[in-house]
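For reference, the chains in residue letters:
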Amino acid sequence: MLRQSDRTNPVEGRIVWAPVKSLWFLFHAFFAMIGGYLTFRYDAVFVSFVFTLTTLCLGHSIGLHRLLVHRSFECPRWLEYAFVHLGTVVGMGGPFRILYMHDIRDWSQRHESCHRYFIHQNPLWRDFLWQIHCDIRLDHPPKFEIEPRVGNDRMYQFMERTWMLQQLPWAVLFYALGGAAYVVWGISVRITVSLFGHWLVGYLAHNSGQRDWHVSGHAIQGYNVPHIGLITMGESWHNNHHAFPGSAKLGLLPSQHDPGWWALCVLRAIGLVSHLKLPADLPERSELVPINQERPNNNPANPTPGNIPLWIRALLTAVDGLLVQNAMLNAQTLFGLPLNWRLFDLSLSKVALCFTWNVRSIAHVNFPTHQKASNRKSLRKTIKHLIKR
Ligand SMILES: [Zn+2]
Ligand SMILES: [Zn+2]
């Protein structure tokens, strides 16, 4: 993002209806609800579930976010195209549109203040309308330039022009494999769930959760949203991402599930990706301040996380708990092991525990205080400590 003039700023602007984005979502949501009901079959749901996770992990998180936007690892061109195609199939737009949306949001958030559109500071319903159905027109926007390596690439230009049409080969394949049910569940239900989930996670990750880092001078802080690391492919560790945008690893602690990183480690082991960047490989940022989690916060200057409705926390908790439980049961069936009821009970208690934790965190929200990292050494020490912990 380049500054155009002295008046260039991310504050002044107006929200306008974005017909393509809005109708695209409504079209798929309509087919998902009506067609999903009429064609419901367990095998179609299963195919949709697997393809949703694949496109979100390899496509959106690894291909578009960690590779195209942040260049946090390296891989051969053909694999890059495959990742970016899968990311485009998620249904949010072509590669140039994704780059623009990510860059303008990042650029805005790096200012002391910016328009509420960029930082999800709205009631839930209004943020949904704004992010899913509208765009912002800044009065004095910056100039957006795509790096020539991507912008001049014929394949990426083709992917940008045909981002909607890229659903077609998959729709044909699904029709051949399982008829109309596979098309409705594999295309429309998947796109609706992915777009809705992407917005909801973005909302949560800028409103509530836990932080290990504070980035001074930014209009908003990112939060780590616990319990949804698995379904978000690691993207829910958003406080880590605000602190180390160029890191290929988003879940920095052992307890922070990061399927995107696990997939990258497998790809590195078979020699397909290399030069995976970690926080310690990135240049020092003077605005980055580690947060001391032990002491309660008495600093009113710290931003206050919004209040996430209880039913959303309960829903996410239940989904996460069920995912862990299902994965365990499937693993046991796959490997022909007898069902271990003790483990089953443990996973049930995990659901109960998560639920209690969420309810309690609404009652007593303790905002952490932060300490200045005086020099490079102490910052590195903290990073090492956090990664090892
Ligand atoms: Zn963010
Ligand atoms: Zn990013």
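Position numbers for residues start from 1 in each chain and track the written sequence from start to end. Numbering of ligands from 1 and lettering of chains from A proceed in the order in which they are written. Predicted model: local features are reported for residues with pLDDT of at least 70 only, side-chain atom pairs are reported and counted for 80 or more only, and whole-chain, interface and lining totals are derived from all residues.

A few points about the overall build of the chain
- Note on conventions: DSSP H or I runs of at least 4 residues are helices, E runs of at least 2 residues are strands, and numbering of each starts at the N terminus. Of regular secondary structure, the chain possesses 14 helices and five strands.
- Backbone-placed C-beta atoms define the burial measure: a residue is buried with 20 or more other C-beta atoms within 10 Å of its own, exposed with 12 or fewer, and partly exposed in between. Here the chain, with 389 residues, has 32% of them falling under the buried criterion.
- Sequence separation of 24 or more characterises 74% of the internal contacts of the chain that already satisfy a separation of 6 or more. Each residue gets a C-beta atom placed from its backbone, and two residues are in contact if those atoms lie within 7 Å.

A look at unusual backbone geometry
- The phi angle at His-120 is positive, at roughly 55 degrees, despite the residue not being glycine.
- The residue His-120 is located in the loop between helix 5 (116-119) and helix 6 (124-133) in this model.
- By C-beta crowding, His-120 is classed as buried, having 20 other C-beta atoms within 10 Å.

So, helix 3 (residues 77-89)
- One less than the residue count of a helix, multiplied by 1.5 Å, gives the span that helix is expected to have. With 13 residues, helix 3 extends 18 Å between its outermost C-alpha atoms, agreeing within 8% with the 18 Å of an ideal straight helix rising 1.5 Å per residue.
- Of all the residues in helix 3, the buried ones are Phe-83, Val-84, Leu-86, Gly-87, Thr-88 and Val-89.
- Turning to helix 3, the residues buried within the fold contact helix 2 (42-69), helix 4 (95-109), helix 8 (154-161) and helix 9 (168-205).
- Once helix 3 ends, the next one or two residues include Gly-91, with phi positive near 105 degrees.

Things to note about the packing of helix 6 against helix 9
- Contact pair helix 6 / helix 9: the axes reach a minimum separation of 11 Å and the direction vectors enclose 125 degrees. Overall, the two elements helix 6 and helix 9 adopt an arrangement that is oblique. Taken as a pair, helix 6 and helix 9 cross one another with a handedness that is right-handed. Facing helix 6, whose interface residues are Leu-124, Asp-127, Phe-128, Gln-131 and Ile-132, helix 9 presents Leu-195, Trp-199 and Tyr-203. A fitted line through C-alpha atoms represents every axis, and for helices the fit uses only the stretch in contact; the resulting angles, taken between N-to-C directions, go from 0 to 180 degrees. Every angle not falling under 35 degrees, over 145, or within 65 to 115 is termed oblique; those three ranges are roughly parallel, roughly antiparallel and roughly perpendicular. A crossing counts as left-handed when the near helix is turned anticlockwise from the far one by less than a right angle, and as right-handed when that turn is clockwise.

Some thoughts on the pairing of strand 1 (residues 13-17)
- Within strand 1, only zero of the five residues are buried, which leaves it mostly out in the open.
- As judged from the five bridges shared by strand 1 and strand 2 (residues 134-138), these two strands associate in the antiparallel manner. Paired with Val-16 across the two strands is Asp-135, which belongs to strand 2. At least two DSSP bridges between two strands are needed for those strands to be called paired.

Focus on the environment of Val-16
- Relative to the helices and strands, Val-16 is located in strand 1.
- As a C-alpha pair, Val-16 and Asp-135 span 119 residues in sequence and 5.6 Å in three-dimensional space.

Section: the nonpolar core
- Nonpolar cores are built from buried Ala, Val, Leu, Ile, Met, Phe, Trp, Tyr and Cys residues. These are joined into a set through C-beta atoms within 7 Å. In terms of nonpolar packing, the biggest core is built from 38 residues, with Ile-62, Phe-83, Tyr-182, Val-184 and Trp-185 touching the most fellow members.
- Breaking this core down by element, the ones donating at least two residues are helix 1 (19-38), helix 2, helix 3, helix 4, helix 8, helix 9 and helix 11 (259-269).
- Top contributing element to this core by residue count: helix 9, with ten residues.
- Ignoring sequence-local partners within four residues, the contact set of Phe-83 consists of Leu-58, Gly-59, Ile-62, Gly-63 and Leu-67.

A closer look at the packing of helix 2 against helix 9
- The N-to-C vectors of helix 2 and helix 9 enclose an angle of 40 degrees; their axes lie 9 Å apart at closest approach. As far as their axial angle goes, helix 9 and helix 2 are oblique. Considering the relative orientation of helix 2 and helix 9, their crossing is right-handed. Contact residues: Asp-43, Ala-44, Val-45, Val-47, Ser-48, Phe-51, Thr-52 and Leu-56 in helix 2; Gly-178, Ala-181, Tyr-182, Trp-185, Gly-186, Val-189, Arg-190, Val-193 and Ser-194 in helix 9.
- Side-chain classes follow a simple rule in which Ala, Val, Leu, Ile, Met, Phe, Trp, Tyr, Cys and Pro form the nonpolar group, Asp, Glu, Lys and Arg form the charged group, and the remainder, Gly included, forms the polar group. Grouping the constituent residues of the contact of helix 2 with helix 9 by class yields ten nonpolar, five polar and two charged.

Description of helix 4
- Over its 15 residues, helix 4 runs 21 Å from end to end, which matches the ideal 21 Å to within 8%, given 1.5 Å per residue.
- Pro-95, Ile-98, Leu-99, Arg-105 and Ser-108 are the residues of helix 4 that are buried.
- Of the surrounding secondary structure, the elements contacted by the buried residues of helix 4 are helix 2, helix 3, helix 5, helix 7 (148-151) and helix 8.

Let's talk about the environment of Arg-285
- Structurally, Arg-285 can be placed in the loop between helix 11 and strand 4 (288-296).
- A tally of 15 C-beta atoms within 10 Å means that Arg-285 is categorised as partly exposed.
- Taking C-alpha positions, Arg-285 is 9.0 Å from Val-215, a pair spaced 70 residues apart along the chain.

Some points on the confidence of the model for the chain
- Residue-level pLDDT values for the chain average 85, and 76% of them are 70 or greater.
- For every residue, the predictor reports its confidence as pLDDT, a number between 0 and 100. Of all secondary-structure elements in the chain, the lowest mean pLDDT belongs to strand 5 (residues 368-370), at 36, while helix 3 reaches the highest, 98.
- Per-residue pLDDT stays below 50 along residues 294-306; that stretch engages in 17 contacts with residues further than four places along the chain or on separate chains.
- In this model residues 359-375 is a low-confidence stretch, pLDDT under 50, and it forms 29 contacts with partners more than four residues away in sequence or in other chains.

A look at the environment of Arg-41
- Positionally, Arg-41 belongs in the loop between helix 1 and helix 2.
- A sequence separation of 144 residues divides Arg-41 from Trp-185, and the C-alpha atoms of the two residues are 9.2 Å apart.

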